[in-house]
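# A closer look at the structure
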Amino acid sequence: MCYAIPAKIIAINGMTATVDYFGEERKVLIDVDDLKINDYIYAQGGVFVRKIPQDEALEILKTWKEVFFELKKTDAALAKIDQDKLSPNALAVLQKINLRKSLTKPEMLALLELNDPQELKVLYEIANNVRQREHGNSSCVHGIIEFSNYCSNNCYYCGIRKEREIPRYRMQIDEIIAAAKHASENYGFKALVLQSGEDFWYDDEKLVQIVKAVRKLGVLVFVSLGLRTKETYKKLYAAGARAALLRFETSNAELFAKIRPGTTLEDRVQLIKDLKEIGYVIATGFIIGLPGETNQDIINNILLARYFAPDMYSFGPLIQASDTPFATLPSVAKDLVLKTIAITRFVDSNSNILVTTALETLDANAKREALLAGANSLMINITPKDYRHLYQIYNNKVNANLEIENAIDDSVKLLYALGRAPTDIGVKNC
Ligand code: 5AD
Ligand code: SF4
């Protein structure tokens, strides 16, 4: 199975290559010096992953070509807008978006406060239209391996917080590498996220060993390890990791200090800046629905995320986790998350926006709705089944017991039904 389409290099300019996917151009960062024009490569997250022999690439492209143009037609049909049903105020804001003008904060807030079902429908349609305008029908699909549920932190919202008494697991280095190899060789993943709680049993040496081995498989290595030192992240970059996922959780410093005891927003923000400085492609975001959070906070969250110019936005609703201080909070409204996705698409139209597992957990139909409200990326959980159900950061996490093959099948079927092709979508502004 294939989750990324081979791209042909049509120009090289220093560390950036321009590649072609069936007539669409994308930019890709390259960190090797043996690439030349007309080479075929896989790229993920706008980063070069590996070269593909020409005959193999042409064979794959041949099977893709027909499907690709069929998918594009479906996507274009779904990206139409019905503007009749809008109030004059909402229409004015949305027209601004169509004209590619920046929204003011009050305008963003006004969109977040829309509630009329007809207006919401049009809001999502416009976000989907902007997504399509910027990315065509590209979508990216990453695999995630949750390799340890030990954590030294006690975040109030999290089901694997240190104080909670739950069965813990820690995958051994060779198990992690074997899971990554399986994902790459058997399922064709080109980007793998390695995630854990803040588990310092994995010291720098072990992490470097893991990253090196996974990178050697010819995939983009995405690390999601929480608060580690800049030095550690530098070593991991040198070992071949190129992307890092680190949410700041909330832009409200007071709220942050309450829900993540012993840590500060300032340190978190500094670490994200450090990651950028090291050269990582960044995925960041926040939780929606923390107690005491206002709509203004959500807009500030979007803007703080935007400040980091991330390659990918990752935000989702707070889901109750038993036996935590936030176990009994009310559920977050699905539309609040969909509105946040749509506004993020307007604020940073060229970005990748992930449909998170938390959103899927909130509502079975949400994945589809999010992909039609501005989102364009998916992550598939490929943690070995023996461990997957133990990484319960919140209750009833979806796909905890699903076979990996079925999870992949579900996602690919959904993408195809929406006319999306898993071309990689390139880096911004380079
Ligand atoms: N609900 C939603 N998201 C959660 N996370 C942790 N606990 C929860 C929860 N109860 C998110 C955090 C963290 C990511 C790995 O999981 O945002 O960064
Ligand atoms: Fe640990 Fe992350 Fe959960 Fe906080 S959110 S307790 S750092 S796994």
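Criteria and thresholds
- Residues numbered from 1 in each chain as written.
- Chains lettered and ligands numbered in written order.
- Predicted model: local features only at pLDDT ≥ 70, side-chain atom pairs only at ≥ 80, totals over all residues.
- Heavy atoms only, no water.
- Domains from an automatic or database assignment.
- Contact = heavy atoms within 4.5 Å.
- Buried area = accessible area lost by both parts, 1.4 Å probe.
- Salt bridge = Lys/Arg side-chain N within 4 Å of Asp/Glu carboxyl O.
- Polar contact = N/O pair within 3.5 Å; in protein donor to acceptor, adjacent residues only side chain to side chain.
- Helix = DSSP H or I, 4+ residues; strand = E, 2+ residues; numbered from the N terminus.
- Nonpolar A, V, L, I, M, F, W, Y, C, P; charged D, E, K, R; others polar.
- Near = heavy atom within 4 Å.
- Expected span 1.5 Å × (residues − 1).
- Buried < 20%, exposed > 50% of the residue type's maximum accessible area, 1.4 Å probe, protein only.
- Arc of directions from axis to C-beta.
- Core = buried A, V, L, I, M, F, W, Y, C linked by side-chain atoms within 4.5 Å.
- Pairing = 2+ DSSP bridges.
- Areas by Shrake-Rupley, 256 points an atom, 1.4 Å probe, with all protein chains shown as cover.
- Phe/Tyr/Trp six-rings, centres within 6.5 Å; stacked < 30°, edge-to-face > 60°.
- Lys NZ or Arg CZ within 6 Å of the ring centre and 35° of its normal.

### So, the domain arrangement of the protein
Interfaces are often sized by the amount of accessible area the parts lose when they come together. As assigned here, the protein comprises domain 1 (7–76), domain 2 (78–133) and domain 3 (137–422). The straight-line distance from the C-alpha centre of domain 2 to that of domain 3 is 28 Å. Taken together, the contact between domain 2 and domain 3 spans 21 residues of the former and 27 residues of the latter. When the area that domain 2 buries against domain 3 is broken down by residue, the three leading residues are Leu 112, Tyr 124 and Arg 131, summing to 36%. Between domain 2 and domain 3 we count zero salt bridges in total. In this assembly, domain 2 and domain 3 are joined by six residue pairs in polar contact (both at pLDDT 80 or more). Within the residue set of the side of domain 2 that touches domain 3, elements represented by two or more residues are helix 2 (88–98), helix 3 (105–112) and helix 4 (117–135). Per-element tally for the side of domain 2 that touches domain 3: the top contributor is helix 4, with nine residues. Looking at side-chain class alone, the side of domain 2 that touches domain 3 contains 15 nonpolar, two polar and four charged residues.

### Quick notes on the site of ligand 2
Taken together, Cys 151, Asn 153, Cys 155, Tyr 157, Cys 158, Ile 160, Arg 161, Gly 197, Glu 198 and Arg 260 make up all the residues around ligand 2. Grouping the amino acids of the shell around ligand 2 by side-chain chemistry returns five nonpolar, two polar and three charged.

### Observations regarding helix 15 (residues 404–417)
The end-to-end C-alpha distance of helix 15, which contains 14 residues, comes to 20 Å, matching closely the 20 Å that a straight helix rising 1.5 Å per residue would cover. Those residues of helix 15 lying buried are Ile 404, Ala 407, Ile 408, Ser 411, Val 412, Leu 414 and Leu 415. What you see down the axis of helix 15 is that its buried residues fit within an arc of 160°, all on one side. Elements in contact with the buried residues of helix 15: strand 6 (140–148), helix 5 (173–187), helix 13 (366–371), strand 15 (377–381) and helix 14 (385–388).

### Examining the pattern of salt bridges
Considering all chains together, one arrives at 28 salt bridges under this definition. With its nearest N and O atoms 3.0 Å apart, the salt bridge here joins Glu 24 to Arg 26. According to the relative accessible area criterion, Glu 24 is buried, its value standing at 16%. With its nearest N and O atoms 2.7 Å apart, the salt bridge here joins Lys 334 to Glu 369. Residue Lys 334 is located in helix 11 (residues 334–347), and its partner Glu 369 is located in helix 13; the two are separated by 35 residues in the primary sequence. Residue classification places Glu 369 among the partly exposed positions, given a relative accessible area of 26%. In this structure, a network of salt bridges that share partners links the residues Glu 198, Glu 249, Arg 260 and Arg 268.

### Section: the nonpolar core
By size, the foremost hydrophobic cluster in this structure holds 110 residues, and its most contacted members are Leu 111, Val 223, Tyr 280 and Phe 346. Viewed by domain, this core spans two of them, domain 2 (78–133) and domain 3 (137–422), each represented by three or more residues. The next biggest cluster of nonpolar side chains, apart from the first, holds 39 residues, and it includes Ile 5, Tyr 40, Ile 41 and Leu 220.

### Let's talk about the pairing of strand 14 (residues 352–355)
Judged by which residues are buried, strand 14 turns out to be covered on both faces: Asn 352 and Leu 354 on one side and Ile 353 and Val 355 on the other are all buried. Sheet topology places strand 12 (residues 312–313) next to strand 14; two bridges connect them, and they run parallel. Of the residues in strand 14, the one forming a bridge with Tyr 313 is Ile 353. Where strand 14 and strand 15 come together, two bridges link them in parallel fashion. Paired with Val 355 across the strands is Leu 378, a residue of strand 15.

### Structural notes on unusual backbone geometry
Here the phi dihedral of Glu 249 falls at roughly 70°; this positive angle occurs in a residue that is not glycine. Along the chain, Glu 249 falls in the loop between strand 9 (241–245) and helix 8 (253–259). The class for Glu 249 is buried, based on a relative accessible area of 8%.

### A look at the environment of Thr 63
With respect to the element layout, Thr 63 can be found in helix 1 (residues 54–78). Expressed as a C-alpha distance, the spacing of Thr 63 and Ile 353, which sit 290 residues apart in the sequence, is 28 Å.

### Here's the deal with the site of ligand 1
Every residue close to ligand 1 is listed here: Tyr 157, Cys 158, Gln 195, Arg 247, Glu 249, Ile 287, Pro 317, Leu 318, Ile 319, Ile 393 and Tyr 394. Between a nitrogen atom of ligand 1 and a main-chain N or O atom of Ile 319, the distance comes to 2.7 Å. Burial of ligand 1 by the protein amounts to 87% of the accessible area it has alone, namely 410 Å². Along the lines of polarity and charge, the residues of the shell around ligand 1 split into eight nonpolar, one polar and two charged.

### Remarks on the pairing of strand 2 (residues 16–21)
Looking down a regular strand, the side chains alternate between one sheet face and the other. Counting buried residues along strand 2, five of its six residues qualify, which places the element largely inside the surrounding structure. As judged from the five bridges shared by strand 1 (residues 7–13) and strand 2, these two strands associate in the antiparallel manner. Residue pairing for strand 2: Ile 9 is matched across the bridge by Val 19. Following strand 1, the chain reverses through two residues before pairing antiparallel with strand 2; Gly 14 in that reversal takes a positive phi of roughly 60°. The pairing of strand 2 with strand 3 (residues 24–29) spans six bridges and is classified as antiparallel. Across the sheet, the residue bridging to Ala 17 is Val 28, located in strand 3. In textbook terms, the turn of a hairpin is the stretch between consecutive antiparallel strands, and for strand 2 and strand 3 this stretch comprises two residues, one of which, Phe 22, has a positive phi near 45°.

### Concerning the packing of aromatic side chains
All chains considered together, the criterion is met by 14 aromatic pairs. Between Trp 64 and Tyr 416 the ring centres are 6.3 Å apart and the planes differ by 80°, which places this aromatic pair in the edge-to-face class. Taken together, the residues span a long stretch of sequence, with Trp 64 in helix 1 and Tyr 416 in helix 15 at a distance of 352 residues. Trp 64 sits in the buried class, given a relative accessible area of 6%. Seen from their ring centres, Tyr 307 and Phe 308 are 5.3 Å apart, and the 70° between their planes marks the pair as edge-to-face. Looking at Phe 308, the relative accessible area reads 2%, which means it is buried. Taking the ring centre of Tyr 150 as reference, the NZ or CZ of Arg 170 above it sits at 3.9 Å. The lysine or arginine in question, Arg 228, covers the ring of Phe 200, its NZ or CZ lying 4.4 Å from the ring centre.

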